[in-house]
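# A closer look at the structure
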Amino acid sequence: MIQVCEARREKLRALMDEKGIDALFISHEANRYYLSGFELHDGQKNEYAGYLLITKDGKDWLFTDSRYWDAAKRLWEESRIFIYRASAAASINEHIKQLGYKRVGFEARTIPYAFHKVFADGLTCVEGDGLVEQLRMIKDAHEIACLKKACALNHKLMQWVPSVCRPGRTERAVAWDIEKFFRDNGASELAFASIVAVGKNAALPHAIPGDTVITEECPVLIDVGCRLDDYCSDQTRTIWVGSNPTDEFKRTMEFVRTAQDASIAAMGPGIPAKEAHAVAANVFADAGVAEYFTHSLGHGVGLETHEAPSVNSRSDAVLQPGMVVTAEPGLYYPEWGGIRWEHMVLITEDGAERM
């Protein structure tokens, strides 16, 4: 892991050089882990496990507090671990000034404003968002293997989950069954809070499982993922509980599956991500249901469930081998519910592989 992270930092240095950045301050937890192997998660949203400073001369620093000293030195050269004991921002600011780097990049999307005011005092700071993400978009062989493993467990769950979607059970109960299944089968945690949506709740793309009860002859939308070996899975299926799905459900399912098949068939290296989205949108437009498709076709998946590249009508990304994205078209009707169907897709040298 240490050698892999060192190689990633060397690639990042080349991108920094193109932008004229002497040192890049890393505050985003997934980026920190990708470049160092140190702490994939911060303890709380208002509590950081640490930061990195990636420098043009290769003398990189890890900033953290005393609680993480032992963990840090297992991964990082001790002489370049900086332990802050009071104000992290002020201590780091002073240390960077002493190091003498002139143009310091920072991740504007993830650094709190209050922290930045103190951190940037007296420094020449420039936004450096997207540089690490540019590297993370292209998965290496190990990352792809981890994603396939997580995806396989998710697929196993999707084959099992109809058995616990029985009349009389609540969304909340099924969500708990899902979490236990993942944990019992090797996942370290959920990739995100599970979505289990019964009946009309399935019209809410990000429904929160509650006390709505599954009934005979109703739809259930299930959007779940796990983290396995640090990498995430993300899949959605919509099932019908009972033996007599309505004509509306069957027709909507046909539209959604057709849109997904068409969008995946359109994916491949060199294809703009927004074109894949447009293919799905056009299927719905031709069917006269475009207004019920209310979100993007998909997104990247890796250390985070939602990461670059975006697969939507506004995306400027071009699909490249090694990218892993989702294809998750959906149609939503407040009167009765909705249907979403999602696979993860690996962009290959000559096309796309449904994972």
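Residues numbered from 1 in each chain as written. Predicted model: local features only at pLDDT ≥ 70, side-chain atom pairs only at ≥ 80, totals over all residues. Heavy atoms only, no water.

We now examine helix α4 (residues 88-99). Given 3.6 residues per helical turn, the α-helix brings residues three or four places apart onto the same face. Over its twelve residues, α4 runs 16 Å from end to end, which matches the ideal 16 Å to within 8%, given 1.5 Å per residue. Those residues of α4 that fall on the buried side of the exposure criterion are A88, A89, I92, N93, H95 and I96. Buried residues along α4 sit against β1 (23-26), β2 (50-55), β3 (61-64), β4 (81-83), β5 (103-106) and α5 (113-119). Following α4 by one or two positions, G100 adopts a phi angle in the positive range, close to 85 degrees. (Helix = DSSP H or I, 4+ residues; strand = E, 2+ residues; numbered from the N terminus. Expected span 1.5 Å × (residues − 1). Buried < 20%, exposed > 50% of the residue type's maximum accessible area, 1.4 Å probe, protein only. Contact = heavy atoms within 4.5 Å.)

Let us look at unusual backbone geometry. Peptide bonds are, in most cases, trans, and in most cases residues other than glycine have a negative phi. Of note, the amide linkage connecting A308 to P309 takes the cis form, showing an omega dihedral of 5 degrees. In this structure, P309 sits in strand β14 (residues 307-311). For E39, which is not glycine, the phi torsion reads 50 degrees and is therefore positive. Assignment of secondary structure puts E39 in the loop between α2 (29-36) and β2. For E39, a relative accessible area of 27% gives the class partly exposed. In this model, D230 sits at a positive phi of 80 degrees, which is unusual for a non-glycine residue. Locating D230 in the fold gives a position in the loop between β10 (226-228) and β11 (231-232). The exposure class of D230 is partly exposed, given its relative accessible area of 28%.

We now examine the nonpolar core. Membership of the largest hydrophobic core comes to 38 residues, with the highest contact counts inside it found for L12, L24 and L35. Here L24 is in contact with L12, M16, L52, L53, I54, G105, F106, G128, L131 and V132, once residues within four sequence places are set aside. Counting residues in each nonpolar core, the second largest holds 30 residues, with A276, A317, A327 and L331 among its members. (Core = buried A, V, L, I, M, F, W, Y, C linked by side-chain atoms within 4.5 Å.)

Here the focus is the environment of L123. Secondary-structure assignment places L123 in the loop between α5 and β6 (124-127). The buried category is assigned to L123, whose relative accessible area is 15%. Between the C-alpha atoms of L123 and E248, which are 125 residues apart in sequence, the distance is 60 Å. Residues in contact with L123, not counting those within four places in the same chain, are N93, I96 and K97.

It is worth spelling out the sheet that holds β5 at this point. The strand order β4-β3-β2-β1-β5-β6 describes an open sheet built from six strands, whose pairing is mixed. Of all strands in the sheet, those with a lone pairing partner are β4 and β6, marking the two edges. Within the sheet, the average angular offset between the axes of one strand and its neighbour, ignoring direction, is 25 degrees. In this fold helix α1 (residues 2-19) packs onto β1, β2 and β5, with an angle of close to 65 degrees to the strand it touches most, β2. On the sheet, α4 packs against β1, β2, β3, β4 and β5 and is oriented at approximately 160 degrees with respect to β3. (Pairing = 2+ DSSP bridges. Axes fitted to C-alpha atoms, helices over the stretch in contact; angles between N-to-C directions.)

Here we come to the pattern of salt bridges. Following the criterion strictly, the structure yields 25 salt bridges and no others. D22 is the partner of K56 in a salt bridge, and the nearest nitrogen-oxygen pair spans 3.4 Å. Remark: D22 occurs in the loop between α1 and β1 and K56 occurs in the loop between β2 and β3; sequence separation between them is 34 residues. Since its relative accessible area comes to 54%, K56 is described here as exposed. (Salt bridge = Lys/Arg side-chain N within 4 Å of Asp/Glu carboxyl O.)

Turning our attention to the sheet that holds strand β7 (residues 189-190). The antiparallel open sheet is built from three strands, whose spatial order is β7-β10-β11. Two strands in the sheet have a free side with no partner beyond their single neighbour: β7 and β11. Relative to β10, β7 is paired through two bridges, and the arrangement is antiparallel. Considered in β10, the bridge of L190 is made with C226.

Turning next to α2. Burial within α2 is extensive, with seven of its eight residues counted as buried. Among all positions in α2, only A30, N31, R32, Y33, Y34, L35 and S36 are buried. Those residues of α2 that are buried lie in contact with α1, β1, β2, α6 (131-136) and α7 (141-160). Positive backbone phi, approximately 80 degrees, marks G37, located one or two places after α2.

In this structure, T236 sits in strand β12 (residues 235-241). A polar contact of 3.2 Å, which involves the side chain of T236, links it to the side chain of D223. There is a polar contact of 2.5 Å between the side chain of T236 and the side chain of E342. Residues within four places of T236 in sequence aside, it is in contact with M158, L221, I222, D223, R340, W341 and E342. (Polar contact = N/O pair within 3.5 Å; in protein donor to acceptor, adjacent residues only side chain to side chain.)

Two numbers describe how α7 lies on helix α8 (residues 171-184): the axes approach to 11 Å, and their chain directions differ by 135 degrees. Judged by the inter-axis angle, α7 sits oblique to α8. For the crossing formed where α7 meets α8, the hand is right-handed. Side by side, α7 and α8 meet where L153, N154, K156, L157 and W160 of the first sit next to D177, I178, F181 and F182 of the second. For the contact of α7 with α8, a count of residues per class yields six nonpolar, one polar and two charged. (Parallel < 35°, antiparallel > 145°, perpendicular 65-115°, else oblique. Left-handed = near helix turned anticlockwise from the far one by under 90°. Nonpolar A, V, L, I, M, F, W, Y, C, P; charged D, E, K, R; others polar.)

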